[in-house]
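What follows is each chain in one-letter form.
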Amino acid sequence: MLAKRIIPCLDVDEGKVVKGVKFVNLRDAGDPAEIGAIYDKEKADELVFLDITASLEKRDIIIEVVRRTAEKIFMPLTVGGGIRDLEDIRKLLKVGADKVSINTAAVKNPSLVTEAAKKFGSQCIVVAIDAKRIVTPLPRPPVTRLKTGKLANRRTGKPKWEVYINGGRTPTGWDVLEWAKRVDKLGAGEILLTSMDCDGTKKGYDLELTRKISEAVSIPVIASGGAGNLEHLYQALTEGKADAVLAASIFHFREYSIREAKEYLKKKGVAVRL
Amino acid sequence: MIVIVDYGMGNLRSVQKAFQKVGQEALITSDPDKVLQASKVVLPGVGAFGKCIANLKEHHLIDPIYRFIETGKPFLGICLGLQLLFTESEEGGVTGLNIIKGRVKRFDFSNKGLKVPHMGWNQIKKSPKSEVHPSNWQRQLDGPKSVLKGIPDGSYFYFVHSYYVEPDDKSVITATTEYGLEFASIVSKDNIYGTQFHPEKSQELGLRMLKNFGEL
């Protein structure tokens, strides 16, 4: 049976892991290659590097990091962040990335997804979507003031999410559901779906969003943003219908090991690889 | 020397370093002569079937592959490298190398709700002895030098593919995997081995399989 994937994600800035990682037995706690090797030993199912280096001149540092990491690990490695064109993709694949994740460039130029899939194969083209929930106000009645003085809940009707780019700074006006369906048609092999509302809260994934997207597309969906405990992983994989879950801090700070996460999921009946 | 055939498709370095990790030197080359002189040949592959065949032709590698296989020395096809050995593919209706008779078909799960590509870690089920050709049985599953030595039934390997192989002769199927249907995930015929999954991306057990292949 196909196992649900548990994927640790590292934010890498100028070749160093940021947001901190607490592992014992690390010579250099900031070295992505070294942390990658530990996750490989722990049987993580894949590894994701998110390059958050802001300056263009320093972008090439990630190439060297990917090269060093790929030497040490024997599981798929996805690299995302700042990828602009086919040449960026080619460089990363050449040094050992198995997949690349494209976000802003895919929105600005959707045909890049198709071209990249044709050239390198769909299997290595992941499209990352940053989604933010839109509160849709009722046309009428207008906002009513309750006796308590609080505003009545304006969030009614069907929920919608908007696509954001540039690391979540720029709204596009695009509907996430429509964009996800289009990404599928364009030839992407997978969608990495991040809820901006949940990211960093540790209160759980946006299950409604995850489920909606996963049901609407024919390619696998990785849920991201909000994992705070193992129950959250379980929810995303069952209620949220995600094919894989991505998490950062719960693994980096050793709140849970990959094995603990998988054992928990297995006990609850989720197919995982121990 | 193990030779990894380079025809411009995919990440060959990952296969090479997996062999290195288990103590086997492997050479990445597109030189037809080197392929002919190899002790073992590995044909990896990702991307599109038609493009792979075209690239093999362009690099003048098809004839050396046929000739190498005729020597009886071990040959391993990985993922698309396995599919290329078959007669034909639904992917663009292209003709393959026809070394193993059969077809390459696309997963069609439009009404089952399963995702394509089949991506991630899935289990292999070794074929029952009665269904495997005796020589393949020994070579693959039971012999002192089988490629599956030390790899238990039900082991997980990393897959990523939208097409699967369907051999005419079922006795070449040495393991299957379940995804919507039961497809051939390891195929063997005489000196030819093929895996639909990526042993080089399958951590400990994948490396074990490559080690076994290297020691054949």
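Per chain, residue numbering runs from 1 following the sequence as it is written. The order in which chains are written sets their letters, starting at A; the order in which ligands are written sets their numbers, starting at 1. Only residues with pLDDT of 70 or above have their local features reported here, since the model is predicted, and side-chain atom pairs are shown and tallied only from 80 upward, although totals for entire chains, interfaces and linings are computed over all residues. The basis for every side-chain value is the complete set of heavy atoms in the structure, and neither hydrogens nor water enter the calculation.

Asks: Please explain the overall build of chain B as it appears in this structure.
Replies: Think of it this way: any DSSP run of H or I at least four residues long counts as a helix, any run of E at least two long counts as a strand, and we number them from the N terminus. A count of helices and strands for chain B gives 7 helices and 13 strands. Between the two quantities, the radius of gyration covers C-alpha atoms and the globule rule is 2.2 Å times the number of residues to the power 0.38. For a compact globule of 216 residues, the expected C-alpha radius of gyration is about 17 Å, and chain B comes in at 16 Å, within 12% of that figure. Principal axes of the C-alpha set define a box for chain B whose edges measure 45 × 40 × 30 Å. Only protein chains enter the accessibility calculation, which uses a 1.4 Å probe; a residue whose area is less than 20% of its type maximum is buried, one above 50% is exposed, and one in between is partly exposed. Per-residue burial for chain B yields a buried fraction of 58% across its 216 residues. Taking the contacts inside chain B whose residues are at least 6 apart along the sequence as the reference set, 72% of them involve residues at least 24 apart. Charge separation in chain B, taken as the distance between the mean sites of 26 positive and 23 negative side-chain charges, equals 4 Å. It only takes one pair of heavy atoms within 4.5 Å for two residues to be counted as in contact. A residue counts as positive if it is Lys or Arg and as negative if it is Asp or Glu; His and the chain ends are not included. Charge positions are represented by NZ for Lys, CZ for Arg, CG for Asp and CD for Glu.

Asks: In this structure, what is going on with the overall build of chain A? I would like to understand it.
Replies: Along the backbone of chain A there are 10 helices and 11 strands. Taken across its 274 residues, chain A has 54% of its residues classed as buried. The contacts in chain A between residues at least 6 apart in sequence include a share of 66% that link residues at least 24 apart. What sets the accessible areas is the Shrake-Rupley method with a 1.4 Å probe; for residues, cover comes only from the shown protein chains. Here chain A displays about 12400 Å² of accessible surface, and carbon together with sulfur accounts for 53% of that area.

Asks: Please explain the pattern of salt bridges as it appears in this structure.
Replies: Side chains that carry opposite charge are capable of pairing whenever their charged atoms lie near each other. Residue and element names in this part refer to chain A. Salt bridges are defined by distance alone: a side-chain nitrogen of Lys or Arg within 4 Å of a carboxyl oxygen of Asp or Glu. According to the stated counting rule, one finds 32 salt bridges over all chains in the structure shown. Of the charged contacts in the structure, one is a salt bridge between R84 and D88, with a shortest N-O distance of 3.1 Å. Across the pair K181 and E178 runs a salt bridge, and its minimum N-O distance is 4.0 Å. You can see K181 and its partner E178 sitting in helix α6 (residues 176–186), 3 residues apart, about one turn around the helix. When salt bridges that share partners are traced, they join R5, E46, K99 and E190 into one network.

Asks: What is the right way to look at the side chain of D130 of chain A in this model?
Replies: All names here are of chain A. By the secondary structure assignment, D130 is in strand β6 (residues 125–134). Of the side chains with opposite charge, R169 lies nearest to the buried D130, which makes no salt bridge, at 9.2 Å. Two N or O atoms form a polar contact when they lie within 3.5 Å of each other; inside protein one atom must be a possible hydrogen donor and the other a possible acceptor, and for residues adjacent in sequence the pair counts only when both atoms belong to side chains. Within the structure, the side chain of D130 is placed 3.3 Å from the side chain of N103, a separation counted as a polar contact. Those residues in contact with D130 that sit more than four places away from it in its chain are N103, E162, V163, Y164, G167, G168, T194 and M196.

Asks: Before we go on, may I ask you to explain the sheet that holds strand β13 (residues 192–195) of chain B in this structure?
Replies: Sheet strands line up and pair through hydrogen bonds in the backbone, either parallel or antiparallel. All names here are of chain B. By the convention used here, strands pair only if DSSP detects at least 2 bridges between them. Across the sheet, which stays open at both edges, the 8 strands sit in the order β2-β1-β3-β4-β13-β12-β11-β8 with mixed pairing between neighbours. Each having just a single partner strand, β2 (26–29) and β8 (125–126) make up the two edges of the open sheet. With 2 bridges connecting them, β8 and strand β11 (residues 173–179) associate as antiparallel partners. Following the sheet pairing, K126 is matched in β11 by A175. Interaxial angle, 0 to 180 degrees, is taken between N-to-C directions of lines fitted to C-alpha atoms, where a helix line uses only the stretch in contact. On the sheet, helix α7 (residues 203–214) packs against β1 (2–5), β3 (40–43), β4 (75–78), β12 (181–189) and β13 and is oriented at approximately 145 degrees with respect to β3.

Asks: Any chance you could explain the pairing of strand β10 (residues 163–167) of chain B here in plain terms?
Replies: Each regular strand displays side chains that alternate between the two surfaces of the sheet. Residues and elements named next belong to chain B. Along β10, 4 of the 5 residues are buried, which leaves the element largely enclosed by surrounding structure. With 5 bridges joining them, strand β6 (residues 100–106) and β10 adopt antiparallel strand pairing. Bridged to R103 within β10 is E166.

Asks: Hey, could you run me through the interface of chain B and chain A in this one?
Replies: Interface size is commonly expressed as the accessible area that is lost once the parts come together. Facing the 27 residues of chain B at the interface are 34 residues of chain A. Summed over both partners, the accessible area lost on bringing two parts together, with a 1.4 Å probe, is the buried area. For the pair chain B and chain A, the summed buried area comes to about 2400 Å², and 53% of that belongs to carbon and sulfur atoms. Together, K115, M119 and Q203 of chain B form the three largest contributors to the area buried by chain B at its contact with chain A, with a combined 30%. At the surface where chain B touches chain A, the tally comes to 3 salt bridges. The salt bridge partner of D243 of chain A is K115 of chain B, with a shortest N-O separation of 3.0 Å. Here chain B is connected to chain A by 20 residue pairs in polar contact (both at pLDDT 80 or more). Among the elements that make up the side of chain B that touches chain A, the one with the highest residue count is strand β7 (residues 118–123) of chain B (6 residues).

Asks: Which parts of the structure should I look at to understand unusual backbone geometry?
Replies: The phi torsion of most residues other than glycine is negative, and most of the peptide bonds are trans. For the peptide bond that leads from V116 of chain B to P117 of chain B, omega is 5 degrees, which places it in the cis range. With respect to the element layout, P117 of chain B can be found in the loop between β6 and β7. Residues other than glycine seldom take positive phi values, yet K202 of chain A does so here, at roughly 60 degrees. In this fold, K202 of chain A is placed in the loop between β9 (190–195) and α7 (207–216). Even without being glycine, H60 of chain B reaches a positive phi, approximately 55 degrees. For H60 of chain B, the location among the structural elements is in the loop between α3 (49–58) and α4 (62–70). Overall, the relative accessible area of 60% leaves H60 of chain B in the exposed class.

Asks: Sorry, what's going on with the side chain of S89 of chain B here?
Replies: All names here are of chain B. When you line up the elements, S89 lands in strand β5 (residues 86–89). Side-chain polar atoms of S89 contact the backbone nitrogen of E91, separated by 2.9 Å. Contacts of S89, omitting those with residues within four sequence positions, involve F49, V94 and V104.

Asks: Honestly, the packing of aromatic side chains in this entry has me stumped. Any pointers?
Replies: The description of an aromatic ring pair uses the distance of the two centres, along with the angle that the planes make with each other. Paired rings are identified among Phe, Tyr and Trp, the last through its six-membered ring, by centres lying within 6.5 Å, and are further divided according to the angle between planes into stacked (under 30 degrees), edge-to-face (over 60) and tilted (the rest). A full pass over the atoms with the stated rule returns 13 aromatic pairs over all chains. Ring centres of W174 of chain A and W179 of chain A lie 5.1 Å apart, and the angle between their planes is 70 degrees; this geometry places the pair in the edge-to-face category. Consider the rings of Y164 of chain B and F183 of chain B, whose centres lie 6.3 Å apart with planes at 50 degrees: the pair is tilted. Highlighted residues: Y164 of chain B in strand β10 and F183 of chain B in strand β12, separated in sequence by 19 residues. The rings of F107, F109, F157, F159, Y164, Y179, F183 and F197 of chain B are connected pair by pair, giving a single aromatic cluster. Here K268 of chain A stacks its cationic end above the ring of Y234 of chain A, 4.1 Å away from the centre of that ring. Lysine and arginine charges are scored as sitting over a ring when NZ or CZ, respectively, is within 6 Å of the ring centre and within 35 degrees of the ring normal.

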